Amino acid sequence: MAELHDLTAAEQAAAVRRGEVSPVDLVEHYLDRIARLDGELGAFVTVTDEAARVQAKEAERAVRSGAPLPPLHGVPTAIKDLALTAGVPTAFGSRALRGFVPVVDASVVTALRAAGTISLGKTTTSEFGLVPHGETDLGSETRNPWDLTRSAHGSSAGAAAAVAAGLVPFAHAGDGGGSIRLPAGACGLVGLKASRDRVFAGPLPSDVGGLAIEGAITRTVRDAALALDALAVANPGALTVLRRPAGTFADCAAAEPGRLRIGRYVRLSTDAGADADAVAAYEAAGAALVAAGHEVSEVELAVEPSFVDAFVVLWAVTAAALPVPAEREPLLRPVTRWLRDRGRQVGATELVAARAAVETVSRRVVAATAGYDAVLSPTAPFAARPIGWFTESGDPEQEFDRAVEFAAYAPLQNATGQPAISLPVHRTDGGLPVGVTLTGRPADEGTLLRLGAQLERELGWHRHTSPMWRS
């Protein structure tokens, strides 16, 4: 081990339990890296260094006491700026809500703390998580640790940038239309979007279409499984309870998948099209799956362009419903105001029709892929875009059009509610990571974790780190 941040979250937790690494040393190591590197990277909007140091000392005393320890005891993390965090400024990536300090924690914050983690602060997100980049009016756009002229993407931009730069071993994130998978793919990380209702997301209500799910961005599949174990805990307020695998999700990541039937597609029936780098990643993953003994075949999905139109209606209505005080509306970014205006024009009949259209396509997709254990596709149509690519026109409608273009593959799994995991299987000639996505059957994260861990062993992406890693 050269540096503490070379350890994965799982390795850090094990080292803390054995008394080989102190939670205080871990927290100080990462706080030092944040202080030195984040001014250039822009992954954090708030650093809670004092609270983290207090929690680290408490965690160290617990280790010394010999008391039973939670699974991620003493492991640092960070919380996306969309999650309520008591006593910590939570602006939802928006200048309109700057200064808001919640008095309660989101359930995911409570769950991560109960698992033993120590939050170092809040990570950047696009305003209300509405677009897949990290540009806000709270600071400069979050940059990609693999190339600081490129976007970390989003909306969980800060989470991905922080993990890829070695500022935290894993980070909380959320995904309503690709916001875990897209930045994970762009930053060379693992991004697991769990099944709908797998993680309780109170106390705030869900979005109009039930699209968003809480999760984490990690370096390894095992860390993704540990994070899901921490987040997917029983809650008395849950309206839906999904079946769980025998044992833990971490157990799934440690097991062999057996021979599986894998479908794959690189083109949807929408306007989505992958460039040469995305196709290269897709082919590399397909070849690795075949080499591992799996049966891989093409699948065609009936996803009409009207699906995108209907999804955007749900997205716009969700934006319109955000509780922004009227007097602070002018502080919103142009793309947010544009989406809210669009959402306010949607009548009840159009909203019901949009939900019906999304649900109809979702049912067709789930039925068409029911015979496969997993389905392979690109995570995004291309590698990370240059800083400012989304907003260079100055036109909010064009910004959103580019958001739809970059997120072309991702929203389908939010609509169906299926679990999906982005894996960084390839790098461009210029060294940028490119991810692929494996989508599982409804409520079957276990197969994805077994399969993803197998690919990780074969392709070894966790051994490749960004240029900022050694800074």
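If you're wondering where the values come from, they're calculated on a predicted model, not measured in any experiment. All residue numbers refer to positions counted from 1 along the written sequence of the respective chain. This being a predicted model, a pLDDT of at least 70 is required before a residue's local features are given, and a value of 80 or more before pairs of side-chain atoms are given or counted; all residues contribute to the totals for chains, interfaces and linings. Hydrogen atoms and water are omitted, and side-chain values are computed over all heavy atoms in the structure.

(A) Structural detail: the environment of E214. Secondary-structure assignment places E214 in strand β8 (residues 213-218). Buried means the residue's accessible area, taken with a 1.4 Å probe over protein chains only, is under 20% of the maximum for its type, while exposed means over 50%, and partly exposed covers the values in between. For E214, a relative accessible area of 22% translates into the label partly exposed. The spacing of E214 and P203 is 11 residues in sequence and 13 Å in space, taken between C-alpha atoms. With sequence-adjacent residues up to four places away left out, E214 is seen in contact with V108, H172, A173, G174, V199 and A201. At 2.6 Å, the side chain of E214 and the side chain of H172 are in polar contact. Comment: elements are numbered from the N terminus, with helices defined as DSSP H or I runs of at least four residues and strands as E runs of at least two. Pairs of residues are marked as contacts when any of their non-hydrogen atoms sit within 4.5 Å. For this analysis, a polar contact is any N or O atom pair within 3.5 Å, provided that within protein one partner can donate a hydrogen and the other can accept it, and provided that sequence-adjacent residues contribute only side-chain to side-chain pairs.

(B) Structural view of unusual backbone geometry. In this structure, S155 follows G154 across a cis peptide bond, with omega equal to 20°. Turning to its location among the elements, S155 is positioned in the loop between β5 (147-151) and α5 (157-164). Of note, the amide linkage connecting G202 to P203 takes the cis form, showing an omega dihedral of 5°. In this fold, P203 is placed in the loop between β7 (190-193) and β8. Even without glycine at this site, F92 takes up a positive phi of about 55°. Classification of F92 as buried rests on a relative accessible area of 12%. The phi dihedral of D197 falls on the positive side, at around 75°, and the residue is not glycine. Structurally, D197 can be placed in the loop between β7 and β8.

(C) Quick peek at the side chain of S119. Relative to the assigned elements, S119 resides in strand β3 (residues 118-123). Apart from the residues lying within four places of it in its own chain, the contact partners of S119 are T48, A52, Q55, T77, A78 and I79.

(D) Up close: the environment of G74. Relative to the elements of secondary structure, G74 occurs in the loop between α3 (49-65) and β2 (76-80). A residue is classified by how much of its surface remains accessible, and G74, at 0% relative accessible area, is buried. Along the primary structure G74 and L189 are separated by 115 residues, whereas in three dimensions their C-alpha atoms are 22 Å apart. Apart from residues no more than four positions distant in its own chain, G74 is found in contact with P23, L26, A59, G116 and I118.

(E) Fine view of the sheet that holds β2. Spatial strand order, β1-β3-β2: 3 strands in an open sheet with mixed pairing. On the outer flanks of this sheet lie β1 (44-47) and β2, each paired with one strand and no other. Within this sheet the neighbouring strands show an average axis-to-axis angle of 35°, counted without direction. Here the rule is simple: two strands pair whenever DSSP picks up at least two bridges between them. Of the strand pairs in this sheet, β2 and β3 are connected by 4 bridges, and their pairing is parallel. Note on β3: the bridge partner recorded for I79 is K122. Throughout, an axis means a line fitted to C-alpha atoms (over the contacting stretch in the case of helices), and angles, computed between N-to-C directions, take values from 0 to 180 degrees.

(F) Representation of helix α12 (residues 348-368). Expected helix span is given by 1.5 Å per residue-to-residue step, counting one fewer step than there are residues. In this model, α12 (21 residues) spans 30 Å end to end at C-alpha, consistent with the 30 Å of a helix rising 1.5 Å per residue. Here α12 has its buried residues at A354, V358, V361, S362 and V365. Projection of α12 onto a plane perpendicular to its axis shows the buried side chains occupying an angular sector of 105°, all on one side. Summarising the geometry of α12, the exposed residues directed more than 90 degrees from the buried face are A348, T349, V352, R363 and A367. Residues of α12 that are buried sit in contact with α10 (305-320) and α14 (411-416). By construction, the arc corresponds to the directions joining the helix axis to the C-beta atoms.

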